[in-house]
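Architecture and fold: a report
One letter stands for each residue in the lines below.
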Amino acid sequence: MIIDSHMHLMRSKNTDVRINTKFSVKVPQDTDIHQLVKWWRDAGIVKAVIMGQDMSRIWNNNFGEDYVLDCYREYPDFFIPFASIEAKDKFGRFDSEKLEYLERAVDEYGFKGVLFTPPYGHFASNDPCMYPFYSFAQKRDIIVQFHHSGQMGPSILAPTKYAMMTHLNDVIIDFPDMKIVVEHLGYPWCEHFFVLMGSHKNMYTDLAMTFARPTWLTWQLVMAKEYGIIDRVMFASDYVAAGFDLFSDNPTQDLKNCINFIQIELNKQCEKSGWPTFTQEELDGMLYGNAAKLFSI
């Protein structure tokens, strides 16, 4: 059994085509939810965390935020829904309407967490505007997920000064009981991030967008094991659309390739490099057990 701890839903109407034209990015087609569920189940995935990605402050995009609830209602036993929010409005002020939306998403819709992508909104995770959201999340015991990593692509999309781990350090000091997921192993500040994970027992990370660099990924996982936080690393696809980014027109096979890397190829790479290998419990944890623990499955 596999849990996908991080994927996105897409609706082209939520995408500002001016941005995609400027940066030569193809606008994905809408996600066919029935086809997507079939692809994922064919790959052995039993649950998936779904979310949009709110980038409306700077980029006038939210992927498919209004689609998440529809898909959750269609497949309530398969999807784990997250809201996606930017804490600041276009004028740089605290956005109280977004906090009201998060409260409604949790209390009325049953959402289990919230995604923040501060670099895309050009603000830091320790910005005072974020703190009312963190207070709500900690009080309600929902999960806060961050894109707190470097951006692959034009630097203007998500300037790295907004993703420095020192900002996150402030957050975990002020909200010691908040459950946090940082995507992409905190790339490229992975070791710094692993140190933070070691001091914050409720912080997890995922493998989204890491499988294209197998040697690099293997070494990061070896370090995670050395730092004693391998039991909080989770499989994730970061899927947006077939034929988009790292996904081909056969997402099931793409997923199977990533899963096979964890199950088989990871230890082969360790042995070839003379690095410590992983136990079956650790491999199973990355694919299912760690996410099951976080999401109380």
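Let me sum up the structure you'll find in this document. In every chain, residue numbers begin from 1 and rise along the written sequence. Residue-level local features of this predicted model are given only where pLDDT is at least 70; pairs of side-chain atoms are given and counted only at 80 or more, and the full residue set underlies all totals for whole chains, interfaces and linings. Water and hydrogen atoms were dropped before computing side-chain values, which therefore reflect all heavy atoms in the structure.

1. Considering the overall build of the protein
Looking only at helices and strands, the protein has 12 helices and 8 strands in total. Only C-alpha atoms enter the radius of gyration; for comparison, a globular chain is expected to reach 2.2 Å times N to the power 0.38, where N is the number of residues. Since a compact globule built from 297 residues should have a radius of gyration of about 19 Å, the 18 Å found for the protein is in line with a globular shape. Expressed as a percentage of its 297 residues, the buried residues of the protein come to 59%. In the protein, once contacts between residues fewer than 6 apart in sequence are set aside, the share between residues at least 24 apart is 76%. Total accessible area on the protein stands at roughly 12,600 Å², and carbon and sulfur atoms take up 50% of it. Helix and strand labels come from DSSP, where a helix needs a run of H or I of at least four residues and a strand needs a run of E of at least two; each type is numbered from the N terminus. Only protein chains enter the calculation, and the probe is 1.4 Å; a residue is then buried if its accessible area is under 20% of its type maximum, exposed if over 50%, and partly exposed in between. Only heavy atoms matter for contacts: two residues are in contact if any of them lie within 4.5 Å across the pair. To be clear on the numbers: accessible area is Shrake-Rupley with a 1.4 Å probe, and residue cover counts the displayed protein chains and nothing else.

2. Here's the deal with helix α2 (residues 33-42)
Within the span of α2, buried status applies to I33, L36, V37 and W40. Buried residues along α2 cover an arc of 95° about the axis, so they all sit on one side. Here the buried face of α2 lies against β1 (2-8), β2 (45-51), α4 (65-74), β3 (79-84) and α11 (251-273). Between a side-chain oxygen at the N-terminus of α2 and the backbone nitrogen of H34 the separation is 3.1 Å; the capping residue is D32. Just beyond α2, the residue with positive phi is G44, at close to 95°. Summarising the geometry, the arc corresponds to the directions from the helix axis toward the C-beta atoms. Throughout this description, a polar contact denotes any pair of N or O atoms lying within 3.5 Å of each other; where both atoms belong to protein, one of them has to be capable of donating a hydrogen while the other can accept it, and for residues adjacent in sequence the pair is counted only when both atoms sit in side chains.

3. Observations regarding the layout of surface pockets
Points on a 1 Å grid, built from protein atoms alone, make a cavity when a 1.4 Å probe fits but cannot get out and make a pocket when they are open with protein on both sides within 12 Å along at least 5 of 7 lines; residues with an atom within 4 Å of a point are the lining residues. Grid points are joined across faces, edges and corners, and a volume is the space filled by probe spheres set on the points. Quantified by volume, the second largest pocket comes out at close to 280 Å³. Around the second largest pocket sit 16 residues that line it, and I80, K112, I143, F295 and S296 are the ones nearest its centre. With 3 residues, the single largest contributor to the lining of the second largest pocket is β3. Each residue is assigned to one of three groups, with Ala, Val, Leu, Ile, Met, Phe, Trp, Tyr, Cys and Pro labelled nonpolar, Asp, Glu, Lys and Arg labelled charged, and all others, Gly among them, labelled polar. A per-class count over the lining of the second largest pocket returns 10 nonpolar, 1 polar and 5 charged.

4. Comments concerning the sheet that holds strand β5 (residues 143-146)
Between any two strands, pairing holds if DSSP finds at least two bridges. What the 8 strands build is an open sheet, ordered β1-β2-β3-β4-β5-β6-β7-β8; its pairing is parallel. Looking at which strands have only one partner, the edges of the open sheet turn out to be β1 and β8 (233-234). Direction of pairing for β1 relative to β2: parallel, over a ladder of 5 bridges. Within the sheet, the bridge partner assigned to D4 lies in β2 and is A48.

5. Considerations on the packing of helix α5 (residues 96-107) against helix α7 (residues 131-140)
Angular values range over 0 to 180 degrees, each being the angle between N-to-C directions of two axes fitted as lines to C-alpha atoms, with helices fitted over their stretch in contact. Following both chains from N to C, one finds α5 and α7 inclined at 15°, their axes separated by 10 Å at the closest point. Comparing the axis directions of α5 and α7 gives the class roughly parallel. The crossing of α5 and α7 is right-handed. Across from K98, L99, L102, E103, V106 and D107 in α5, the residues of α7 making contact are P132, F133, F136 and R140. Its residues assigned to classes, the contact of α5 with α7 comprises 6 nonpolar, no polar and 4 charged. Orientation is classified from the angle alone, with under 35 degrees giving roughly parallel, over 145 giving roughly antiparallel, 65 to 115 giving roughly perpendicular, and any other angle giving oblique. Throughout, a crossing is termed right-handed when the near helix is turned clockwise from the far one, and left-handed when it is turned anticlockwise from it by less than a right angle.

6. Regarding the side chain of K98
Its location among the elements puts K98 in helix α5. Polar contacts involving the side chain of K98 include one to the side chain of D54, which spans 2.8 Å. Among residues more than four places away in sequence, those in contact with K98 are D54, S56, I85, E86 and F133.

7. Notes on α7
Listing the buried residues of α7 in full gives F133, Y134, F136 and A137. Buried residues of α7, seen end-on, are gathered within an arc of 160° and therefore sit on one face of the element. In this structure, the buried side of α7 is in contact with α5, β4 (113-116), β5 and α8 (165-174). One or two residues past the end of α7 sits D141, with phi positive at roughly 60°.

8. Section: the packing of aromatic side chains
Two rings from Phe, Tyr or Trp (for Trp, the six-membered ring) form a pair when their centres are within 6.5 Å of each other. A pair whose planes differ by under 30 degrees is stacked, one over 60 is edge-to-face, and the rest are tilted. Under the criterion given, the structure shown has 21 aromatic pairs. With a centroid separation of 5.9 Å and 50° between ring planes, the pair formed by F211 and F235 is classed as tilted. On the criterion of sequence distance, the pair formed by F211 in the loop between β7 (203-206) and α10 (214-226) and F235 in the loop between β8 and α11 is long-range, its members being 24 residues apart. With respect to burial, F211 and F235 carry one shared label: buried. Among the aromatic residues, ring-to-ring pairing joins F94, F116, Y131, F133, Y134, F146 and F175 into one connected group. For R213, the ring lying beneath its charged end belongs to Y187, and the centroid distance is 5.5 Å. Each ring is checked for a lysine NZ or an arginine CZ that lies within 6 Å of its centre and within 35 degrees of its normal; such an atom marks a charge sitting over the ring.

9. Examining the pattern of salt bridges
The rule for a salt bridge is simple: a side-chain nitrogen of Lys or Arg has to be within 4 Å of a carboxyl oxygen of Asp or Glu. In this structure the tally under the stated criterion is 10 salt bridges. K38 is the salt-bridge partner of D42, the closest N and O atoms lying 2.8 Å from each other. Taken together, the residues span about one helical turn, with D42 and K38 both in helix α2 at a distance of 4 residues. Between K225 and E282 there is a salt bridge, with the nearest N and O atoms lying 2.6 Å from each other. Here E282 lies in helix α12 (residues 280-294) and K225 lies in helix α10, a separation of 57 residues in the sequence. When salt bridges with common partners are traced through the structure, they connect D231, R232 and K293 into a single cluster.

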